[in-house]
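# Architecture at a glance
Take a look at the letters that make up each chain.
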Amino acid sequence: MQRITRRAVLAGSVSAAALPLLSANAASPPAGEQTAGIYRYKIGDFELTALYDGIWYRPITEKFIRNAPFAQVESALADAFMPSDKLATPFTTLIVNTGQKLVLIDTGTGGQIAPSAGALRANLVAADIDPKAIDLIVISHFHPDHINGIKDKDNELVFPNAEIMVPDEEWKFWMDDANLNAAPADLKLTFRNQRRIFSDIARNVARFEPGAEVAPGIVTLAAPGHTPGHTVFAIHSGDQSLLVLGDTAQHPAVFARHPDWQATFDIDGDAAVATRKKLFDRAAADRMLVTGYHFPFPACGHLLKTPHGYEHVPVEWQPEL
Ligand SMILES: [Zn+2]
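Notes on the structure follow. (Residues numbered from 1 in each chain as written. Predicted model: local features only at pLDDT ≥ 70, side-chain atom pairs only at ≥ 80, totals over all residues. Heavy atoms only, no water.)

### Overview of the overall build of the chain
For clarity, the threshold we go by: In DSSP terms, a helix is any run of H or I states spanning at least four residues, a strand is any run of E spanning at least two, and both are numbered starting from the N terminus. Relative accessibility under 20% of the residue-type maximum defines a buried residue, over 50% an exposed one, and the middle range a partly exposed one, all with a 1.4 Å probe and only protein chains included. Residue contacts are defined here by distance: any two heavy atoms, one from each residue, within 4.5 Å place the two residues in contact. Methods summary: accessible areas were calculated by the Shrake-Rupley approach with a probe of 1.4 Å, and residue burial reflects only the protein chains presented. Charged-residue counts in this description rest on Lys and Arg as positive and Asp and Glu as negative, His and the chain ends being excluded. Lysine's charge is taken at NZ, arginine's at CZ, aspartate's at CG and glutamate's at CD.
Helix and strand counts for the chain stand at 9 helices and 14 strands. Its C-alpha atoms give the chain principal-axis dimensions of about 80 × 50 × 40 Å. Per-residue burial over the chain gives 50% buried out of 321 residues. For the chain, the proportion of contacts with a sequence separation of at least 24, taken over those separated by at least 6, is 68%. Carbon and sulfur atoms provide 53% of the accessible area of the chain, an area that totals close to 15,900 Å². Each charge sign in the chain was given a centre, from 28 positive and 37 negative side chains, and these centres are 3 Å apart.

In C-alpha cells, the structure reads:
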C-alpha cells in the first residue's frame, strides 16, 4: 500500500483522489525542544566548532548605557526586535582543533547564570566531543559567563585534563584582595566567584602576557576596557584568519551599531570604546572573519563600517567544511 505523506502530496506524486485520506492521518507530535547548537567551520587546516551555551535576557535600566539617553537605547533595542528592558545576551564558546590540540576558548556559564543557559555540555555530547579530550582552556576575561564552565555546580572540573591559561592582567586585577575589598557590593560577588573557580586550582593555572602564542596559530592581543585584562585572540592557519573578539562588543545590534556606547558592565568605558573601534576598524578594513562571544549563534561573520558605526553580517551557513 502506498503511504501518503504531506510531502508526497505537495510534490504532486499523489493523486487528488487520495487527498481525503490525509485527514485520517494523525498529526505528528511536536518535538517540544530545540535542536543542538553546533556550527563547524574551518580556518586553514584548523577545524573550529562553535558551541551554543544558551542565552540570558539581562534586565537593564535607564542607567545601562552611561553616555546615552535611555530613549536612544530603547530605540536601538526596538530596531533589533529586542524587548526594551532586557539585553539579549547569547553565549557561544569555541573549540579549535589545531590538529595537535583541542583548545576551548571561554567555557560558558556552567548553568550558573540563567536557567536559559548551560547547554554547552549537552552540545558537546551532540558534537561528539568528550570533555576529557580538551587539552587547553584559554580564557578571555574573568566575568562569570566566561569562567563558570570550568567547574560544575558542585565545583568539580568539567574538563579534567585541560591546562588552563588566563590573561596575567586579569589575574592581577581580580585576584587582588585589595581590589575586592574596595569594590561595590555587586562587584564583590564577581570577585568571590573568581576565587570559587580559581583558588584551589591556582597552581595549575598558567598566565600569559599580550602577544603570547597560547597554542600554535592562536595569538593573544590585549583588548582592555571591558575588564582590565580583557583579551582577544587571532587565529591563523594557512592563509586564513579569525579574530575572536570576546566581549569587545556585546550584542552587535546594539554595540556595533553604537560603538561609542559605554555599558555599565565595562569597567573602563573610555578604554572599552577605544578598543572596540580599533579592533572593529581593523576587522572591517581587512574584511576579517570575526566571532563575538555574545553575537547571535553561530556568532561568526564580518563587520562592515557604516557612517555611524558598524554592521555585523552573519556568516552564511556552509553545508560542507
Ligand atoms: Zn561576557
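### Thoughts on the side chain of D145
What counts here: Basic side-chain nitrogens of Lys or Arg form a salt bridge, by our definition, when they fall within 4 Å of a carboxyl oxygen of Asp or Glu. As used in this structure description, the phrase polar contact means that two N or O atoms lie within 3.5 Å; if the pair is within protein, one of them must be able to donate a hydrogen and the other to accept it, and residues adjacent in sequence are counted only when both atoms belong to side chains.
Mapped onto the fold, D145 is located in helix α4 (residues 144-147). The buried charged residue D145 lacks any salt bridge partner; its closest oppositely charged side chain belongs to R58, at an N-O distance of 6.4 Å. A polar atom in the side chain of D145 sits 3.1 Å from the side chain of H146. With near-sequence residues (within four places) excluded, D145 lies in contact with F91, G108, T109, I113, D247, Y293 and H294.

### Digging into the environment of L94
Tracing the backbone through its elements, the reader meets L94 in strand β3 (residues 86-97). For L94, a relative accessible area of 5% gives the class buried. Beyond its immediate stretch of four places on either side in the chain, L94 contacts Y41, L48, T49, A50, V103, L104, I105, I235, L242, V244 and T291.

### Details of the pairing of strand β4 (residues 102-105)
Formally: Two strands form a pair only when DSSP identifies at least two bridges running between them.
What you see with β4 is no split at all: L102 and L104 on one side and V103 and I105 on the other are buried throughout. Direction of pairing for β3 relative to β4: antiparallel, over a ladder of 4 bridges. Across the sheet, residue I95 finds its bridge partner in β4, namely L104. Across 3 bridges, β4 lies against strand β5 (residues 136-138) in parallel orientation. Looking across to β5, one finds that I105 is bridged to V138.

### Quick word on the pattern of salt bridges
Enumeration according to the criterion identifies 10 salt bridges in this entry. Put simply, K305 and D281 hold a salt bridge, and the shortest N to O gap is 2.8 Å. Note that K305 is positioned in strand β13 (residues 300-305) and D281 in helix α9 (residues 269-286), a separation of 24 residues in sequence. Residue K305 is classed as exposed on the basis of its relative accessible area of 55%. One network of salt bridges, in which partners are shared, links D168, K172 and R207.

### A few points about the nonpolar core
Which entries qualify depends on this criterion: Nine residue types can take part in a nonpolar core, namely buried Ala, Val, Leu, Ile, Met, Phe, Trp, Tyr and Cys, and a core is a set of them joined through side-chain atoms within 4.5 Å.
Counting residues in each nonpolar core, the largest one holds 35 residues, and the members touching the most others are F64, L87, L243 and F255. Looking at this core, the elements that each hand over two or more residues are α2 (70-79), β3, β10 (231-237), α8 (252-255) and α9. Ranked by residue count, the leading element in this core is α2, at 4 residues. Each residue touching F255, except ones within four places of it in the same chain, is listed here: F64, I65, L87, A249, Q250, W261, A263, F265 and R276. The next biggest cluster of nonpolar side chains, apart from the first, holds 30 residues, and it includes L51, V166, I197 and V205.

### Quick word on the side chain of T231
Checked against the element boundaries, T231 lands in strand β10. Its relative accessible area of 5% is what places T231 among the buried residues. Here the side chain of T231 touches G229 through a polar contact of 2.8 Å, landing on its backbone oxygen. In contact with T231, other than residues within four places in its own chain, are S140, P167, F208, T220, L221 and A223.

### A few points about the coordination of the zinc ion
What counts, and what does not: Atoms are scored as donors when they are N, O or S and lie within 2.8 Å of the metal, with 3.2 Å used for Na, K and Ca; no water is included, so coordination may look incomplete. Here a site with four donors is tetrahedral if all angles are between 85 and 135 degrees, and a site with four or six donors is square planar or octahedral if opposite donors are over 155 degrees apart and the other angles are between 65 and 115; anything else gets the irregular label.
Note on the zinc ion: its protein donors are D145 (OD), H146 (NE2), D247 (OD) and H294 (NE2). The metal-donor distances range over 2.1 to 2.3 Å. Around the zinc ion, the 4 donor atoms are arranged such that angles at the metal cover 89 to 171°; this shape is classified as irregular. Along the chain, the residues that donate to the zinc ion are spaced as D-H-x100-D-x46-H. With D247 in the loop between β11 (240-244) and α8 and H294 in the loop between β12 (289-291) and β13, this pair connects stretches of sequence that are 47 residues apart.

None of the figures reported here should be taken as evidence of function without further support.
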